[in-house]
Amino acid sequence: MPYYEPKQLFSKTRKGDLEHVYYLYGADHVQVEQLTTLITRKATAGNIEMGLTKFDGQNLELKTLAEAAQQFSMFSPCNCIQVHDFQVETLTDGQFQFLTSIIKSIADATILIFDITGFDPKKGKKLAQGKTKKFIDCIAKHGAVCEAVQRTTLVLAKEMIALAERQKRKMTIDGAEELVQLCMGNTLILRSEVEKLCAYVENGGTITKELIHDMTTPQLESTTFQLAKAVVSQRPKAALEELDKLFAMRIQRTAILHAIASAFVDLYRASVALHHGKQALDVKGDFHYSYDFVVQNAFRDCRKISTSHLRICIKILRDLEENMNSGSCNERIMLETAITKMLAIAGGNYDTYRPGDYRRGKV
């Protein structure tokens, strides 16, 4: 049964060994996109613009797909078709049978790719269910299926070390893992950051952990977690410095607020899990976290503050959003006010929670 890991399928495709139909999905969207690009490039001999037909899976007409799958390309070796983010579960039984008949009778000169990055075909479960499972099994019989599972921090760190070594620069495993966390595991951003760091360091030099901290472009999720960490550790200066970074990114207020709230929810989940004897792997599985380090960091930092105080911090952020959405306001002042109150809560200066009006600066 041709179920492939990304590394296997990359190697097979680079050799020009192509299947007639593919189903590419998984939590590592970057690898899914890279595989899709590589297959289309090989199938069209590099002439992607002229040799590739793209369909939006949200508005796919099966009859149109069937007609396209029987055509021949005048501009490339193969008639290459890409269907992006198609949800099989939306089909009726009759439509599903028609779709599988397309797969079974696909023309020899056609390569059909179903790539999924906009949703989880497994819906958080260990295996796909229903029509999705049947569809994947059908493609596996007639082509190739590949799930790009999210790589661990250690695996990504070793890849970044190897990338630096190819450019004759050195990087420690601690520094590489720190870079992975700062970039939230996004491989496209990671590669860009390594290229930048290598350009800064002389040939044969070492990319230090300090240099990584100083030069890596801040990311929303990692910065908001550092802000939350500073709050629970009662470090006001560090918390406001992280807030400065967030505003310097010119990100919309809604995104900033939601990211900060998510960081505190991570800490709260970890705190509750600890009190009930659960482990980091339990939390990762229950809430479908992509990276171990997000949960492990939450378990480490949640010990610095009580569960009840974390609950109050989340309520403060809830009130902050309500106040921000109810009228005009100075967003910076309101965020600083909320952070100040959370710092006081973390320090044990408030034992009870009182809703506040952040537009007037009262807490």
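Worth saying up front: this structure is predicted, and the values here are computed from it rather than measured.

## Quick look at the sheet that holds strand β1 (residues 3-4)
Then, in step 1: On the basis of which strands lie adjacent, the open sheet formed by 6 strands has the order β1-β6-β2-β5-β4-β3 and parallel pairing. Either end of the sheet is taken by a strand with one partner, and the two such strands are β1 and β3 (52-56).
Then, in step 2: Relative to strand β5 (residues 110-115), strand β2 (residues 21-25) is paired through 4 bridges, and the arrangement is parallel. Note on β5: the bridge partner recorded for Y23 is F114.

## As for the environment of I333
Then, in step 1: By the element assignment, I333 lies in helix α17 (residues 331-346).
Then, in step 2: With relative accessibility at 44%, the residue I333 sits in the partly exposed group.
Then, in step 3: Taking the C-alpha atoms as reference points, I333 and S192, 141 residues apart in sequence, are found 34 Å from one another.

## Some thoughts on unusual backbone geometry
Comment: phi is negative for the bulk of residues other than glycine, and the bulk of peptide bonds are trans.
Then, in step 1: A positive phi angle is found at D85, which is not glycine, with a value near 55°.
Then, in step 2: Relative to the elements of secondary structure, D85 occurs in the loop between β4 (79-84) and α5 (93-104).

## Overview of helix α1 (residues 6-14)
Since one α-helical turn is 3.6 residues long, residues separated by three or four positions face the same way.
Then, in step 1: For α1, the full list of buried residues reads P6, L9, F10, K12 and T13. Down the axis of α1, the sector holding all buried residues measures 170°, keeping them to one side. Summarising the geometry of α1, the exposed residues directed more than 90 degrees from the buried face are K7 and R14.
Then, in step 2: Where the residues of α1 are buried, they touch β1, β2, α2 (29-43) and β6 (144-147).
Then, in step 3: Remark: G16 follows α1 within two positions and exhibits a positive phi of approximately 85°.

## Some details on the packing of helix α7 (residues 153-166) against helix α9 (residues 187-200)
Then, in step 1: For the pair α7 and α9, interaxial distance at closest approach is 10 Å and the crossing angle is 35°. The crossing of α7 and α9 is right-handed. Residues L156, M160, L163 and A164 of α7 pack against T187, L190, R191, V194, E195 and C198 of α9.
Then, in step 2: Classifying every residue of the contact of α7 with α9 gives 7 nonpolar, 1 polar and 2 charged.

## Some points on the packing of helix α11 (residues 220-232) against helix α15 (residues 292-301)
Then, in step 1: Contact geometry of α11 with α15 gives a least axis separation of 11 Å together with a crossing angle of 15°. Our classification of the angle between α11 and α15 gives roughly parallel. The hand of the α11/α15 crossing is left-handed. Contact residues: F225, K229 and V232 in α11; N297, A298, R300 and D301 in α15.
Then, in step 2: A per-class count over the contact of α11 with α15 returns 3 nonpolar, 1 polar and 3 charged.

## Side note on the pairing of β4
Then, in step 1: Counting buried residues in β4 gives 5 out of 6 residues, a clear majority hidden from the surface.
Then, in step 2: By the bridge criterion, 5 bridges tie β3 to β4 in an arrangement that is parallel. In the sheet register, T53 faces β4, and the bridge partner there is I81.
Then, in step 3: One crossover worth recording links β3 to the parallel β4 by way of helix α4 (residues 62-69), and it is right-handed.
Then, in step 4: Viewed along the sheet, the connection from β4 through α5 into β5 turns out right-handed.

## Re the environment of F86
Then, in step 1: Inspection of the secondary structure assignment puts F86 in the loop between β4 and α5.
Then, in step 2: When its relative accessible area of 4% is taken as the criterion, F86 is described as buried.
Then, in step 3: Sequence separation of F86 and G57 is 29 residues, and the distance between their C-alpha atoms is 3.9 Å.

## What about the pattern of salt bridges?
Then, in step 1: Across all of its chains, the model carries 15 salt bridges by this definition.
Then, in step 2: Its salt-bridge partner being K131, residue D93 comes within 3.3 Å of it at the nearest N-O pair. Of the two residues, D93 sits in helix α5 while K131 sits in helix α6 (residues 130-142), which places them 38 residues apart along the sequence.
Then, in step 3: Taking the relative accessible area as the measure of exposure, D93 reaches 58% and is therefore exposed.
Then, in step 4: Of the charged contacts in the structure, one is a salt bridge between R300 and D301, with a shortest N-O distance of 3.0 Å.
Then, in step 5: For D301, a relative accessible area of 0% gives the class buried.
Then, in step 6: The structure contains a network of salt bridges with shared partners spanning K12, D17 and E19.

What counts, and at which threshold
- Residues numbered from 1 in each chain as written.
- Predicted model: local features only at pLDDT ≥ 70, side-chain atom pairs only at ≥ 80, totals over all residues.
- Heavy atoms only, no water.
- Pairing = 2+ DSSP bridges.
- Helix = DSSP H or I, 4+ residues; strand = E, 2+ residues; numbered from the N terminus.
- Buried < 20%, exposed > 50% of the residue type's maximum accessible area, 1.4 Å probe, protein only.
- Arc of directions from axis to C-beta.
- Contact = heavy atoms within 4.5 Å.
- Axes fitted to C-alpha atoms, helices over the stretch in contact; angles between N-to-C directions.
- Left-handed = near helix turned anticlockwise from the far one by under 90°.
- Nonpolar A, V, L, I, M, F, W, Y, C, P; charged D, E, K, R; others polar.
- Parallel < 35°, antiparallel > 145°, perpendicular 65-115°, else oblique.
- Right-handed = clockwise from strand over helix to strand, strands pointing away.
- Salt bridge = Lys/Arg side-chain N within 4 Å of Asp/Glu carboxyl O.

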